[in-house]
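Chain and residue survey
The chain contents come next:
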Amino acid sequence: MTNENKDLRQRISLLLDAELDGRDNPVLLDKLERDEELKATWQRYHLIGQVMRSPGGMLADADFAARVSALIQDEPTVMAPRWNALRAESTTRRKVVTFALAASLASVAVLIGKSLTDNAGDFYALSAKPQAVASIDSNSVESGKKMADEQFNDYLLMHNETAYMAGSAGMMPYVRLVSAGPDR
Amino acid sequence: MGERGEPVDEELVRRVQKGDKKAFDVLVLKYQHRIVQLINRYIRDQHEALDIAQETFIKAYRALPTFRGESAFYTWIYRIAINTAKNHIATRSRRPADDDIDIETAEQFESAIGLRDQETPEGLLLSDELAQVIQVALDELPDELRTAVSLRELDGLSYDEIADVMNCPVGTVRSRIFRAREAIDKKLQTLLG
């Protein structure tokens, strides 16, 4: 084994244990991908660990990885979207949507506020109207109310007698309850 | 053991996602035995277990564009393996026990399980021998090498932790673990020719 080989194998041992300086990983992985001898070392080192951890456990046969590799060669090359870029885009989109929502809410609030301010005069005028009603003769109001009650009772009695023809007999108990006569 | 292989896996996955198929070979070499053993817990037939393991890796490769690295690659492929094994069991249970395979089907699926030679292949016989050789080589190691490699492989300790336990510099741990692997590997290579 040459010194260079020994050094590479030692680095493979470190890579396997995740003890290699992170900056060295890409360079070593480049070599590992292309050097069949290094790949075999990588495979055997993993095999050693696996047998130590579970002696007697089933192992992949010697050609397993080669078979998978051949099948992968027939597969179309996978190309993943760059998730970081997608994440950044998604964050930007979220910010824009949030801003748009906030702007919409602010516009609605301004419109409502403006509408309230513009109609404030009407509101105060309406508030003042009861005072005008209060100035009407109270006797005439009482007599009008009495007349309306009598007319309403007549209506209810008539309804009670004829409603069954329209198939709404089920309402009768309720109608009876609410059709109390005038105070006596 | 923790997920300390993750940075390497992440780098390899990134490479595959950029179209580097060779990076996937490195992942297969790393995980093949673990995946086969996992599937063998569900499917006792070794031929079928190997087929399912193969299918697992192909499925993983096809699904890699959707892998976002939110979990470790190993746990992700572990899930694929379990689901593939369970689906296989479900399909098998729906299949009549003495299902004859017609010649057309056989031509389409040369590797159909029903047509496979039922004898144990050489590869599987070799597995037992490999395990035996590794065990013997391990027993023959000097104590400090066996302890170092055992603390790493069996207990999952980091080199710093092993250095603490063995009361030696981290550089010595690196060297001991490497020498242990080399000694075992030498015997393995003799067996493998």
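Use the structure listed above.
Notes on the structure follow. (Residues numbered from 1 in each chain as written. Chains lettered and ligands numbered in written order. Predicted model: local features only at pLDDT ≥ 70, side-chain atom pairs only at ≥ 80, totals over all residues. Heavy atoms only, no water.)

1. Remarks on the overall build of chain A
Scanning chain A from N- to C-terminus turns up eight helices and zero strands. The order of α-helices and β-strands along chain A, N terminus first, is α-α-α-α-α-α-α-α. A burial count over chain A gives 26% of its 184 residues as buried. Within the structure as shown, chain A displays about 12800 Å² of accessible surface, and the carbon and sulfur contribution to it stands at 60%. (Helix = DSSP H or I, 4+ residues; strand = E, 2+ residues; numbered from the N terminus. Buried < 20%, exposed > 50% of the residue type's maximum accessible area, 1.4 Å probe, protein only. Areas by Shrake-Rupley, 256 points an atom, 1.4 Å probe, with all protein chains shown as cover.)

2. Describing the environment of isoleucine 80 of chain B
Residues and elements named next belong to chain B. Note that isoleucine 80 resides in helix H4 (residues 73-94). We classify isoleucine 80 as buried; its relative accessible area is 15%. On a C-alpha basis, the gap between isoleucine 80 and alanine 53 in space is 9.7 Å, while along the polypeptide they are 27 residues apart. Those residues within four positions of isoleucine 80 in sequence are excluded, and the remaining contacts are Thr56, Lys59 and Ala60. (Contact = heavy atoms within 4.5 Å.)

3. Focus: the packing of helix H2 (residues 25-34) of chain A against helix H3 (residues 36-53) of chain A
Residue and element names in this part refer to chain A. At a minimum axis distance of 5 Å, the contact between H2 and H3 shows a crossing angle of 100 degrees. One element, H2, and the other, H3, form an angle in the roughly perpendicular class. Of H3, the residues touching H2 (which contributes Lys31, Leu32, Glu33 and Arg34) are Glu36, Leu38, Lys39 and Trp42. Tallied by class, residues from the contact of H2 with H3 come to three nonpolar, no polar and five charged. (Axes fitted to C-alpha atoms, helices over the stretch in contact; angles between N-to-C directions. Parallel < 35°, antiparallel > 145°, perpendicular 65-115°, else oblique. Nonpolar A, V, L, I, M, F, W, Y, C, P; charged D, E, K, R; others polar.)

4. Section: unusual backbone geometry
Positive phi outside glycine occurs at alanine 18 of chain A, with the angle close to 55 degrees. Relative to the elements of secondary structure, alanine 18 of chain A occurs in the loop between helix H1 (3-16) and H2. By relative accessible area, alanine 18 of chain A is classed as partly exposed at 29%. At asparagine 167 of chain B, a residue that is not glycine, the phi angle is positive and equals roughly 55 degrees.

5. Quick look at the interface of chain A and chain B
Contact with chain A, which involves 54 residues of that partner, is made by 68 residues of chain B. Carbon and sulfur atoms supply 64% of the area buried between chain A and chain B, which totals about 6100 Å² over both sides. Summed over the shared surface of chain A and chain B, the result is nine salt bridges. Close ionic contact of arginine 9 of chain A with aspartate 185 of chain B constitutes a salt bridge, the shortest N to O distance being 2.9 Å. Tallied by class, residues from the side of chain A that touches chain B come to 29 nonpolar, 12 polar and 13 charged. (Buried area = accessible area lost by both parts, 1.4 Å probe. Salt bridge = Lys/Arg side-chain N within 4 Å of Asp/Glu carboxyl O.)

6. Points about H1 of chain A
Spanning 14 residues, H1 of chain A covers 20 Å between terminal C-alpha atoms, matching the ideal 20 Å at 1.5 Å per step. Listing the buried residues of H1 of chain A in full gives Leu8, Arg9, Arg11, Ile12, Ser13, Leu14, Leu15 and Leu16 of chain A. Among the structural elements, H2 and H3 of chain A together with helix H1 (6-17), helix H7 (143-153), helix H8 (159-166) and helix H9 (170-192) of chain B are those in contact with the buried residues of H1 of chain A. (Expected span 1.5 Å × (residues − 1).)

7. Thoughts on the pattern of salt bridges
Scanning the model with the defined rule gives 22 salt bridges over all chains in all. Here glutamate 182 of chain B makes a salt bridge to arginine 9 of chain A, at a shortest N to O gap of 2.8 Å. One end of the pair, glutamate 182 of chain B, is in helix H9; the other, arginine 9 of chain A, is in helix H1, on a second chain. As far as the burial class goes, glutamate 182 of chain B and arginine 9 of chain A line up, both buried. In this structure, arginine 34 of chain A and glutamate 33 of chain A form a salt bridge, with 3.2 Å as the shortest nitrogen-oxygen distance. Note on arginine 34 of chain A: relative accessible area 53%, which makes it exposed. The class for glutamate 33 of chain A is buried, based on a relative accessible area of 0%.

The values reported here are purely geometric and, on their own, carry no functional implication.
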